[in-house]
Amino acid sequence: MSAAALSLEVRHASKAYGGVQALVDAGLDLVGGEVHGLIGENGAGKSTLIKLLAGLEAPDRMTARLNGSVIEIGDSAAAYRLGLRFIHQELNIVPALSVAENLFINNPLPRFGGIFIDWRALYRRAGQALHSLGIRHINPRRRASSLSAGDAMLVKIASAFIGEGDSGEPRIMIMDEPTAALNSAEVALLFDVIDRLRARGDALLYVTHRLDELFRIAQRVTVMRDGRIINSRAIAETSTSELITEMTGRSVADRRAGASVSSDEAAPRLIVRGLRTDAVAQASFSLASGEILGIAGLVGSGRTELLHALLGIAPLLAGSIELDGRTLPSLSPARAWQLGIAYVPEERRSQGLFLGDRVSQNITVPHLDRLSRLKMFLKRGEADALSRRLGEAVRLKSAGIGQRARQLSGGNQQKLLFARAILAQPRLILLDEPTRGVDVGAKYDIYRLIRRLAADGASILMVSSELDELIALCDRILLMRKGRAAEDLPAAGLTENELLERCYAFE
């Protein structure tokens, strides 16, 4: 299959679920040697279209042509035979297995005589797959449970190249939010990989919420909204504001409303003095009621670990934490929630949600003591009523409080965690990457939630890798470096370049 010949045409793709039209007459063209961006809010139909291409769902209607010939994608095996490869947003890494075993999880393991696993060949081929993408810092023998979220995604990406053989034959690569858990160095590595894939003639469909990435790597972009294709054109012919307007159907004029305003004279709600844990070398800072304090720093600087210390996940080795004038004793997560310290974790699916449980159960789970009789019998009516009210407060889009969390889009899963936090009537809210992997519309809803919580008097400590997000939302920014709180900066007037330079200036 030559680079010039490689093409995939999709026409009239339609799919309904229970009478709800998820995809309406959608069309898409992928061409060898080109990155084609696909964008839209959660629920726009992107995931449904990908499922049809992957053979995971049967279309109500769809015509597909590969290099001009009509094809049928009856199941995932057929998609694989046709040369379609998928990098999904969710990691689906098996923690108990090695990196090498995870790489081969969808491919036959090398064996002696078809019986015994050839471990030497397994590790060699796994290493080759990683090295072919420029990934040399991950040992194939390493247990997957020890991987960072970014390294786990790199392993997932490398797994798509297992079984390719040595032909180098161009493929169709569908990447769904591949950079959601990657740091800047890992993103640069991925983009290098994408450049190599384009050079060999692969056709790439790149699904992302990060519009700046499209302008760096894509040649074309397609916008979806409400299950329909809104526009498709060369990336050079559009702008960020045009794309956001097409995705959301509304102007972006209010997307950078000012950060909350707090008084310098307000008595601190939170005072941290000389905090030290196994992962945090030293941190001292204060936070007033109604104030938003951003946490910036490079990956490994101790940002998440600082939140874990305040939540009681990591025990204090030294220092003190004072909340509303009271020095807190040794904390645990359960005790922290009882004291009005709410937490939205970085990885919502693996660290925050019970995916098989109902919306109402996910909202109320840290609050069962106050919603039960004798700490044994749940007040179901009260719990359900609270869940409905909080769902409305966070603009949760669901089929009702009985819907399973796994059935919600990424943005609505994140809103579930905010509903849980609001139920705590929090004095202090700890947010770790609160908008990671959510679409533009959900991101703005979350921004409004954060500002409203601050306006209602909650103190907010927020980790984010998106520097523009920190500058737009926060009153101050605490810069972490190698486990230490290095600088406390006013956010007003700060630029992304200045903040990034300060992050690296300490290295």
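The coordinates are above.
Let us look at the structure shown here. All values derive from a computational prediction rather than experimental measurement. (Residues numbered from 1 in each chain as written. Predicted model: local features only at pLDDT ≥ 70, side-chain atom pairs only at ≥ 80, totals over all residues. Heavy atoms only, no water.)

Some details on a nonpolar patch on the surface
Basically, it comes down to this: Patches here are clusters of residues that have more than 30% relative accessible area and form no salt bridge, with a 9 Å joining cutoff for like charges and a 5 Å cutoff for nonpolar side chains (Val, Leu, Ile, Met, Phe, Trp, Tyr). What sets the accessible areas is the Shrake-Rupley method with a 1.4 Å probe; for residues, cover comes only from the shown protein chains. Each reported salt bridge corresponds to a side-chain nitrogen of Lys or Arg within 4 Å of a carboxyl oxygen of Asp or Glu. Secondary structure follows DSSP: runs of H or I at least 4 residues long count as helices, runs of E at least 2 residues long count as strands, and numbering of each begins at the N terminus.
On the surface, a nonpolar cluster with roughly 370 Å² of combined accessible area is contributed by Phe112, Ile115 and Phe116. Structurally, Phe112 is set in strand S7 (residues 111–112).

Some points on the sheet that holds strand S10 (residues 203–207)
Worth spelling out the cut-off: For two strands to be treated as a pair, DSSP must find at least two bridges joining them. Between the N-to-C directions of two axes lies an angle of 0 to 180 degrees, each axis being a line fitted to C-alpha atoms and, for a helix, fitted only over the stretch in contact. Contact definition: two residues touch when any of their heavy atoms are within 4.5 Å.
Pairing in this open sheet of six strands is mixed, and the strands run S6-S9-S10-S3-S11-S12 from one edge to the other. Lying at the two open borders of the sheet, with one neighbouring strand each, are strand S6 (84–87) and strand S12 (228–234). On average, each strand axis in the sheet is inclined to that of its neighbour by 15°, with strand direction left out of account. Here five bridges tie strand S9 (residues 172–176) to S10, and the two strands are oriented parallel to one another. Bridging across to S10, Ile172 finds its partner in Ala203. The sheet strands contacting helix H8 (residues 240–248) are strand S3 (34–39), strand S11 (220–225) and S12, and the helix crosses S11 at an angle near 30°.

So, the sheet that holds strand S2 (residues 20–31)
Taking strand neighbours across the sheet as the criterion, the four strands line up as S2-S1-S4-S5 in an open arrangement whose pairing is antiparallel. If you trace the sheet from one side to the other, it starts and ends with S2 and strand S5 (69–71), each paired once. Strand after strand, the sheet turns through a mean of 25° between neighbouring axes, direction not considered. Where strand S1 (residues 7–17) meets S2, eight bridges bridge the pair, whose relative direction is antiparallel. For Ala16, the partnering residue across the bridge sits in S2 and is Gln21. Running over the sheet, helix H1 (residues 46–54) touches S1, S2 and strand S4 (61–66) and is turned about 115° from S1.

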